[in-house]
Amino acid sequence: MIKVRDLIKLFHADGSIVRAVDGVSTDVAKAEVVVVIGPSGSGKSTFLRCLNGLEPLNGGHIVIDGKDLADKKTDINVVRREVGMVFQQFNLFPHKTVLENLTLAQMKVRNRSKKEAEEKARTLLTKVGISEKESVYPSRLSGGQQQRVAIARALAMDPKIMLFDEPTSALDPEMVGEVLDVMKTLAREGMTMVVVTHEMGFAREVADRVLFMDEGKLVEEGTPEHFFTAPSHERTKLFLNQVL
Amino acid sequence: MNSKSYNLFWKAVLVVTVVALMGAFYFAAKRVDYTWRWKRVPQYFFYKAELPVKADDDGIVTSIADGKAKSTVNFEAETGEKYTYKVDSETLNVSEGEDLFLGDRIGYVYSWEMGPLTLGIWTTLWISAVSGVLGLFLGIVFGLCRISKNPCLSGFAALYVELIRGTPLLVQIFIFYFFIGTVLDLDKYVAGVGALSLFAGAYVAEIIRAGIQSIARGQTEAARSLGMTATQCMVYIIMPQALKRTLPPLAGQFISLIKDSSLLSVIAIIDLTRAGREIISNTFATFEIWITVALLYLVITGTLSQLVQWMERRMAVSD
C-alpha cells in the first residue's frame, strides 16, 4: 500500500541544512497499523507529512497505491483523496459547523450530492459518538470531541490510508481515551494506519509494527513485543527507558 | 470611589466639556458678527419647483374639469387643433370661454424636486459604493498576488501598493483625470471612480494580505490533505475566515473612502462637498452649509459603521 525508499527531506534553517528525514525506507501493507515513535525532533512527524505530500520530498520515492509522489506527473490531489490525515491541533474549519466540516470536501472533491454527503457525515458522526453536535461550531467542542470530528472528517473521504500526527498530544489527559478508542475501532476494522504518537500503550496494544526514528533515521523496526521487550539498539533502549 | 460613581462623574465631565466647546464655538461665531440663516438650508435638500403652463396657440378655452388638486383645461386653437392642459387647481388662471393668445399663462404645475445637497449625497453614495466594490475586487486580486510565489505577480502587486500608498490621492486624481483620462478619452465619472478604486484597492490589498497570512497554516494543510486544490482551499477555507477577520479594518477603509471621495470635487464631479461649495457661492451661508455637509458625511459613515458592527455580531456565532 505504501512503499518508502531512501526518503530524504531537508529543511533550511539559519543558513544550515537540517536532514529532517534521512534515508528512510519501509513498507506498509494493507490493513497494517504502523506506529512511529521517537524523541521530539527525530523527524517522525516530517516523515508522516511526506506521506501525503504536505512536505515535498528532496530525494527518494514514496509510492502510494502505485502512485509515486516523486513523479512530477502524479496529481497530488488525487493521492490525497485516498490518504486521510489527522493533526495534532485538529485543524477543523472554525467557520463551518461540524456537519459542514464533514461534507465540504466530500462535495467539492468527491463530487457527492449534498444529501449523500450529509448521510455519510451523520453515519460517521454517530460512529465517533458525537452525532448530537452536528450543527454546532468547532469552538463549542472539547478537544477530544474536536479530534473525533477531525477523524470523522478524514474518514468521510473514504480514504484507503489514515495518517495520525500525534493525535492526542494536544488533549487534556481525560480526553485521550475517547480518541484512542476511535482509533482502535478503526484499526480493528482493517484500516491501513500510520500513527505518530507518544502513547506507548496504544503502540503496544494496537500496532502491527513499531518504527523508532531518531535524528531523521529509521533506527529500528519490529513487532511491539520485540520492540518493548527486547530492543536491539542502544538508542531505542535509552528512549524506552525515558518514556516508560 | 466605586466604579459606578466613577463612571458617572467622568461622563458628566465629558458632557460639560462638549457643551463648553459648543458654547465656545457659538461665541466665536457671534464675535465675527455672523448672521445665522438656518432657514435657508432645507430648500437645498428639496424645493418646490413651479412650472408655468402656457397656451400653445391663439384660441378659446372650451371646457374646464375642476378637480380637487389638478384641473384639466381643454383648449381649442383657431386652427381647430385641440389641446389639453393639466394645472394645479389653485393656480388656475383662466375660465371657460375665455379667449387666449399664444403664451398666455393658464396656470402652474408644482412639483417637489431634489436640491443640490440631495443630489450631492446621491453622487457621493454611488461613487463611494462603486469604488468600494471595485476597490475590494482589486484589493482581493492584488492581495492574492502579493502572497503569490510567482515573482512577477508579487512584484507587480508590491509596486502597485507602494506607488499608490506613497502618493497623495489628490495627485492621483489629477493624473488619472488630466493624463490617463485625456489619453483614453475618459468621462470624468469614469476617471473619478477609477482613481478612487485604485486608491482603495492598494489599501484593501494590504488588509487582505495580512488577513490571509493571519490564518493558521494548519487550515491550509487540513484542506489540502482532504484533496482540495489550492484554489478550493483559498475559496472555501482561507478567504471566508480572512474576510471575517479583516471586516473591521475593511470597514475603516470604506469609511475613509467615503470621506476621500470629497476630493473628486476638484474634477467637477458634483458630490456632496462640491454641492456645498456651490451653494455657498450663491448664498454665503458658509457656516450653515459646511456644518450641514459635515453632519451628512457623519450620518453616512455612522450608518455604515453601525451596519458593519451588526455584521460582525452576526458572524461572531462561530467564535
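Residues numbered from 1 in each chain as written. Chains lettered and ligands numbered in written order. Predicted model: local features only at pLDDT ≥ 70, side-chain atom pairs only at ≥ 80, totals over all residues. Heavy atoms only, no water.

Caption draft 1: Broad picture of the side chain of Asn101 of chain A. All names here are of chain A. Within the secondary structure, Asn101 sits in helix H3 (residues 98-108). By relative accessible area, Asn101 is classed as buried at 1%. Only 3.1 Å separates the side chain of Asn101 from the backbone oxygen of Lys96, close enough to count as a polar contact. Once residues within four sequence positions are removed from consideration, Asn101 is found in contact with Leu92, Phe93, Lys96, Pro138 and Arg153. (Helix = DSSP H or I, 4+ residues; strand = E, 2+ residues; numbered from the N terminus. Buried < 20%, exposed > 50% of the residue type's maximum accessible area, 1.4 Å probe, protein only. Polar contact = N/O pair within 3.5 Å; in protein donor to acceptor, adjacent residues only side chain to side chain. Contact = heavy atoms within 4.5 Å.)

Caption draft 2: Molecular detail of the pattern of salt bridges. Residue and element names in this part refer to chain A. Tallied over the entire structure, the rule returns 24 salt bridges over all chains. The salt bridge involving Asp22 is made with Lys217; its shortest N-O contact spans 2.9 Å. Of this pair, Asp22 sits in strand S2 (residues 16-28) while Lys217 sits in strand S10 (residues 217-222); the two residues are 195 residues apart in sequence, bridging distant segments of the chain. Of the residues examined, Asp22 reaches a relative accessible area of 15% and is grouped as buried. Residue classification places Lys217 among the partly exposed positions, given a relative accessible area of 43%. (Salt bridge = Lys/Arg side-chain N within 4 Å of Asp/Glu carboxyl O.)

Caption draft 3: How the structure looks around the packing of H3 of chain A against helix H5 (residues 143-155) of chain A. All names here are of chain A. At a minimum axis distance of 8 Å, the contact between H3 and H5 shows a crossing angle of 25°. As far as their axial angle goes, H5 and H3 are roughly parallel. Our pair here, H3 against H5, has a crossing hand that is right-handed. Note on element contacts: H5 touches H3 through Val149, Ala152 and Arg153, opposite Val98, Asn101 and Leu102. A per-class count over the contact of H3 with H5 returns four nonpolar, one polar and one charged. (Axes fitted to C-alpha atoms, helices over the stretch in contact; angles between N-to-C directions. Parallel < 35°, antiparallel > 145°, perpendicular 65-115°, else oblique. Left-handed = near helix turned anticlockwise from the far one by under 90°. Nonpolar A, V, L, I, M, F, W, Y, C, P; charged D, E, K, R; others polar.)

Caption draft 4: How the structure looks around the nonpolar core. Counting residues in hydrophobic clusters, the biggest one holds 47 residues, and the most contacted among them are Ile37, Ile151, Met162, Phe164, Met183, Leu186 and Met193 of chain A. The greatest single-element share of this core, amounting to eight residues, is contributed by helix H6 (residues 173-188) of chain A. The contacts of Met183 of chain A, once residues within four sequence positions are left out, are Ile151, Phe164, Pro167, Met193, Val195 and Phe202 of chain A. Leu48, Cys50 and Leu69 of chain A together with Ala222 of chain B belong to the second largest nonpolar core, which has 46 residues in total. (Core = buried A, V, L, I, M, F, W, Y, C linked by side-chain atoms within 4.5 Å.)

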